[in-house]
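As a plain string of letters, each chain reads:
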Amino acid sequence: MTDADTAAGSTPPPAETDSESIRVLLVDDDEDFVALASTLLEAESDRIDTTTETNPQHALEATEFETIDCVVSDFRMPELDGIEFLETIRETYPELPFILFTGKGDEEVAKRAIAADVSDYIVKDGSAEQYAISANRIENLVAQYHTRQQARRQRRLDTLSQQALDTALSEPTRAAIETGICTHLVDTDLYAAAWIVESDPHSEAITARTRAGETALLDDLAAVAAREDSVEAQAMATGDHHVASDLAGRDDAWAVAAADNGMAAAIGVPITRAGVPYGVLGVYTTRSDLGDDEVATLTTIADLTAFAIGASERRQGDTSQEVTEVTFDASTTDLPFVRVADAVGCAVEISQTSHRSDGTTRTVYRLADPPADAAETAETVLSADVEQVDGAADTLSIASDEPWWVALTESYGANIAAASAADNGATITVELPPNVTVRAVVDTLTAHAPGIEPVARQQRARRERSLTELEATVAERLTDRQQEVVETAYEAGYYEWPHAVSSEAVADLLGIAQPTFAEHFW
């Protein structure tokens, strides 16, 4: 067997291929018989696609068994008989369907075959009907095999997702989060290597932030991963995941380096939240392809990683007593409050931003001497739900799914200190934790509001808020259920470091599942 086969683990899941195709390896030292068997089996079922071998030892060395759905072998062969062939395959693929052809009167052979865990055996009789029966048995065995393998893989993917969630909830730093995610990936038998890389904005070189698994592979890839054909470079360029399979059949340097280290497929997934890139997750496997379920799971893990990194950086920033205050000129932008000011004909300022329990957000505008139809005008201009707060014409509440400020508050821990528009222009003042790179915030705002320009920047002490102000802010921004979650977690000791209780324990106290706790907690 190839190195790629043995590196993949003892029970690799079947490669994702056309569900109508069944790939059968036929092994018999009689060239005429194996050719006839191939022809008749394919004639009996248009799903069966056969590969033939006349030497079992050569079959072991040359066949990539992870691409095979079923093995059909004769018993009497020189060098290696059918049962010895079966036993060798079982060492690595204990569940791969294996049918043994035996001659009449070979009851002892049948007993040995059963002891070696043969899937089925068929007595050769030379009849055409024999191949109809064989084709039916192959289809049934392969269907059962795929069902078992798919269930096993789904359990592994579910476990992997849970481990990623645990890491996101428990690790305090970006480095620990990234290391934990990569380690969990290679601890399964699905993946041989994983790393998180980022691109140097000046040299465009791709460098590893953390990595786990096959060291030699990642050392070789480090020299070529920046090439545009790598899955990591593709993911960075497009902002979407990129899957590459059949690496051995490609001639670009990146694929050659991966294939030379026994890899057959790879995926690059951007780690991005609210437009903020944190790098790319690169994952490599010795299996021939990645299934849609794996791609979905790895994409979710990358999203969770981005969320956890952002939360970690916000927590670190919240402990500082200093902030970086940046003021932007937004006069030429198409931001909602600028458009409202222009349409209504009066000064507008944002007085409050918050998240609502239904998943949407609320932005509260205060207007200076607005006309009576200000709410209707704003609703028309923004194509959004606009309500007067407490019936006051000068205070409007705008509901939306993804307002421009969410990328700043969620990804950078920013505070929108002021945002206003009037006849003399529009400005936004943002307070940033000291660990946030101002250039990243500028880039994010520019993406949401072309034309915006930073005009001032200063470091200053964080404004201390009274206990009464903090309590009012919490009551205003958290739902009753969120407050209950926070209070329960605090009283149980979850905010201590290391945690006095696990997230599962807090969830049990609340009578909810851990993912639901995580949703409320974050």
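Here the structure is shown first, and the text comes after it.
In what follows, the accompanying structure is described. (Residues numbered from 1 in each chain as written. Predicted model: local features only at pLDDT ≥ 70, side-chain atom pairs only at ≥ 80, totals over all residues. Heavy atoms only, no water.)

1. Description of the pairing of strand 4 (residues 98-102)
The side chains of a regular strand alternate between both faces of the sheet.
Link 1 in the chain: Of all 5 residues that make up strand 4, 5 are buried, and the element is covered over most of its length.
Link 2 in the chain: The alternating pattern of strand 4 places F98, L100 and T102 and I99 and F101 on opposite faces, both of which are buried.
Link 3 in the chain: By the bridge criterion, 4 bridges tie strand 3 (residues 70-74) to strand 4 in an arrangement that is parallel. Paired with V72 across the strands is I99, a residue of strand 4.
Link 4 in the chain: For the segment spanning strand 3, helix 4 (residues 82-92) and strand 4, crossover handedness is right-handed.
Link 5 in the chain: Two strands pair when backbone bridges link them, and strand 4 and strand 5 (residues 120-123) are joined in this way by 4 bridges, in the parallel orientation. By the bridge assignment for strand 5, I99 is matched with D120. (Buried < 20%, exposed > 50% of the residue type's maximum accessible area, 1.4 Å probe, protein only. Helix = DSSP H or I, 4+ residues; strand = E, 2+ residues; numbered from the N terminus. Pairing = 2+ DSSP bridges. Right-handed = clockwise from strand over helix to strand, strands pointing away.)

2. Here's the deal with the nonpolar core
Link 1 in the chain: Judged by nonpolar contacts, the single largest core of 71 residues is most densely connected at L185, F337, W404 and I428.
Link 2 in the chain: Leave out the neighbours within four places in its chain, and F337 touches V348, I350, Y365, W404, A419, S420, A421, A426, T427 and I428. (Core = buried A, V, L, I, M, F, W, Y, C linked by side-chain atoms within 4.5 Å. Contact = heavy atoms within 4.5 Å.)

3. A closer look at helix 2 (residues 31-44)
Link 1 in the chain: In this model, helix 2 (14 residues) spans 20 Å end to end at C-alpha, consistent with the 20 Å of a helix rising 1.5 Å per residue.
Link 2 in the chain: Capping the start of helix 2 is the job of one residue whose side-chain oxygen sits 3.0 Å from the backbone nitrogen of D32: D30. (Expected span 1.5 Å × (residues − 1). Polar contact = N/O pair within 3.5 Å; in protein donor to acceptor, adjacent residues only side chain to side chain.)

4. Description of the packing of aromatic side chains
Link 1 in the chain: In total, this model carries 5 aromatic pairs according to the counting rule given.
Link 2 in the chain: A centroid spacing of 6.3 Å and a plane angle of 40° characterise the contact between F337 and W404, whose relative ring orientation is tilted. Placement of F337 in helix 12 (residues 336-344) and of W404 in the loop between strand 15 (395-400) and helix 14 (406-412) is noted, with a sequence separation of 67 residues between them. The residues F337 and W404 share a single accessibility class, namely buried. (Phe/Tyr/Trp six-rings, centres within 6.5 Å; stacked < 30°, edge-to-face > 60°.)

5. A short note on the pattern of salt bridges
Link 1 in the chain: This structure, assessed with the given rule, holds 20 salt bridges.
Link 2 in the chain: Of the charged contacts, one joins D120 and R137 as a salt bridge, the two residues approaching to 3.4 Å between their closest N and O atoms. With a gap of 17 residues between them, D120 in strand 5 and R137 in helix 6 (residues 129-170) connect regions that are remote in the sequence.
Link 3 in the chain: For R153, the salt bridge is made with E294, and the minimal N-O distance between the two is 3.1 Å. In this pair, R153 is assigned in helix 6 and E294 in helix 11 (residues 292-318), connecting sequence segments 141 residues apart.
Link 4 in the chain: Judged by its relative accessible area of 0%, E294 is buried. (Salt bridge = Lys/Arg side-chain N within 4 Å of Asp/Glu carboxyl O.)

6. Structural notes on a negative patch on the surface
Link 1 in the chain: On the surface, D373, E376, E379, D385 and E387 cluster together to form a negatively charged patch.
Link 2 in the chain: Those elements that place two or more of their residues in the negative patch are helix 13 (374-382) and strand 14 (385-388).
Link 3 in the chain: One can find E387 in strand 14. (Patch = residues over 30% accessible without salt bridge, like charges linked within 9 Å, V, L, I, M, F, W, Y side chains within 5 Å. Areas by Shrake-Rupley, 256 points an atom, 1.4 Å probe, with all protein chains shown as cover. Lys, Arg positive; Asp, Glu negative; His and termini not counted. Charge placed at Lys NZ, Arg CZ, Asp CG, Glu CD.)

7. Observations concerning the sheet that holds strand 15
Link 1 in the chain: Read across the sheet, 8 strands follow the order 14-15-13-12-16-17-11-18 without closing on themselves; strand pairing throughout is antiparallel. Edge positions in the sheet fall to strand 14 and strand 18 (453-461), since each has one partner strand and no second. Recorded for the sheet is a direction-independent mean angle of 20° between the axes of neighbouring strands.
Link 2 in the chain: Relative to strand 15, strand 14 is paired through 4 bridges, and the arrangement is antiparallel. Residue pairing across strands places V386 opposite I398, the latter belonging to strand 15.
Link 3 in the chain: Its contacts with the sheet put helix 12 on strand 12 (348-355), strand 13 (361-367), strand 16 (415-422) and strand 17 (425-432), and the angle it makes with strand 16 is roughly 25°.
Link 4 in the chain: Against the sheet, helix 15 (residues 438-448) makes contact with strand 11 (322-329), strand 17 and strand 18, and its axis sits at roughly 35° relative to strand 11, the strand it touches most. (Axes fitted to C-alpha atoms, helices over the stretch in contact; angles between N-to-C directions.)

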